[in-house]
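Summary of structural features
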Amino acid sequence: MATIGGQPQVVTFALDDLLSRGIPITQLTLIHFASNEPRLQRAIQKVTAEFDGQRYKNRPIQLTRVPIDSQAGALDDIRDEADAHAAWEAINHLIIDLKEAQHTLHVCITGGRRMLCLMTMSAAMLHFGHQDVLWHMFTPGEWIEHSREGALMHLPTAEDTGFRL
């Protein structure tokens, strides 16, 4: 699972790093606001473009987009306490559903609005087992400008540069 905002590369950086560690990823669930905001839509499109059908870098990984919604409809941001509650409930139910389906969760909370990340962390901590992991992505300063807005979707590998996240 990963939260996403306007910086799509944090999702692929994290996914690449987890795969390089030998972590068996079979599904990527993107959590995002249900917004038509152009920057968010471009970010989602950039991540989606990294998948060839249900494959990522020639590995079978299912991409699932999960726009946050509430009983009142699509939630495009958190503006008040009711929006915050609806977002938390949506994320909480998503995590419950994934855990009931026996999934081991690796949750990256780096992308998207900080409030969305905090709510994801809060809900995850209620349902995590010992095998689940909460990740916060750190991008070294030298790569931030090169990758901003998805200009670079993958960091060079450790074999290429000796660099490791």
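Anything mentioned here points back to the structure above.
Residues numbered from 1 in each chain as written. Predicted model: local features only at pLDDT ≥ 70, side-chain atom pairs only at ≥ 80, totals over all residues. Heavy atoms only, no water.

Mapped onto the elements, proline 60 comes out in strand S5 (residues 59-60). Each C-alpha atom of the pair proline 60 and glutamine 27 lies 8.3 Å from the other, and the pair is 33 residues apart in sequence. With residues near it in sequence (within four places) discarded, proline 60 still touches Ile25, Thr26, Gln54 and Arg55. (Helix = DSSP H or I, 4+ residues; strand = E, 2+ residues; numbered from the N terminus. Contact = heavy atoms within 4.5 Å.)

This part takes up helix H4 (residues 114-127). For H4, built from 14 residues, the straight-helix expectation of 20 Å at 1.5 Å per residue is met to within 8% by its first-to-last C-alpha distance of 21 Å. Of the positions making up H4, those classed as buried are Leu116, Cys117, Met119, Thr120, Ala123 and Ala124. The buried residues of H4 occupy an angular sector of 165 degrees when the element is viewed end-on, so they sit on one face. Opposite the buried face of H4, at more than 90 degrees from it, the exposed residues are Arg114, Met125 and Leu126. (Expected span 1.5 Å × (residues − 1). Buried < 20%, exposed > 50% of the residue type's maximum accessible area, 1.4 Å probe, protein only. Arc of directions from axis to C-beta.)

It is worth spelling out the packing of aromatic side chains at this point. The full count for this structure, using the stated rule, is one aromatic pair. The interplanar angle of 40 degrees and the centroid separation of 5.1 Å between the aromatic rings of phenylalanine 51 and tyrosine 56 together place this pair among those described as tilted. There is no split in this pair, since phenylalanine 51 and tyrosine 56 are both buried. (Phe/Tyr/Trp six-rings, centres within 6.5 Å; stacked < 30°, edge-to-face > 60°.)

Turning next to helix H3 (residues 81-100). Across its 20 residues, H3 extends 28 Å between first and last C-alpha, which sits within 8% of the 28 Å expected from 1.5 Å per residue. Tucked inside the fold, the buried residues of H3 contact strand S2 (27-33), strand S6 (62-70) and H4. The N-cap of H3, judged by a side-chain oxygen 3.2 Å from the amide nitrogen of alanine 82 a few residues on, is aspartate 80. Following H3 by one or two positions, glutamine 102 has its phi on the positive side, about 70 degrees. (Polar contact = N/O pair within 3.5 Å; in protein donor to acceptor, adjacent residues only side chain to side chain.)

So, about unusual backbone geometry. With a phi angle near 70 degrees, glutamine 102 is a residue other than glycine that sits in the positive phi range. When you line up the elements, glutamine 102 lands in the loop between H3 and strand S8 (106-108). For glutamine 102, a relative accessible area of 67% corresponds to the exposed category. Of note, glutamate 149 is a non-glycine position whose phi angle comes to about 60 degrees, a positive value. Structurally, the position occupied by glutamate 149 is in the loop between helix H5 (141-147) and helix H6 (158-161). On the basis of relative accessibility, which here comes to 34%, the residue glutamate 149 falls in the partly exposed class.

Under the criterion given, the structure shown has seven salt bridges. The residue arginine 21 makes a salt bridge to aspartate 17 at a minimum N-O spacing of 2.8 Å. Residues arginine 113 and aspartate 77 are paired through a salt bridge, measuring 3.0 Å at the closest nitrogen-oxygen approach. Of the two residues, arginine 113 sits in the loop between S8 and H4 while aspartate 77 sits in the loop between strand S7 (73-74) and H3, which places them 36 residues apart along the sequence. The class for aspartate 77 is buried, based on a relative accessible area of 19%. (Salt bridge = Lys/Arg side-chain N within 4 Å of Asp/Glu carboxyl O.)

The quantities given are spatial measurements derived from coordinates; they are silent on function.
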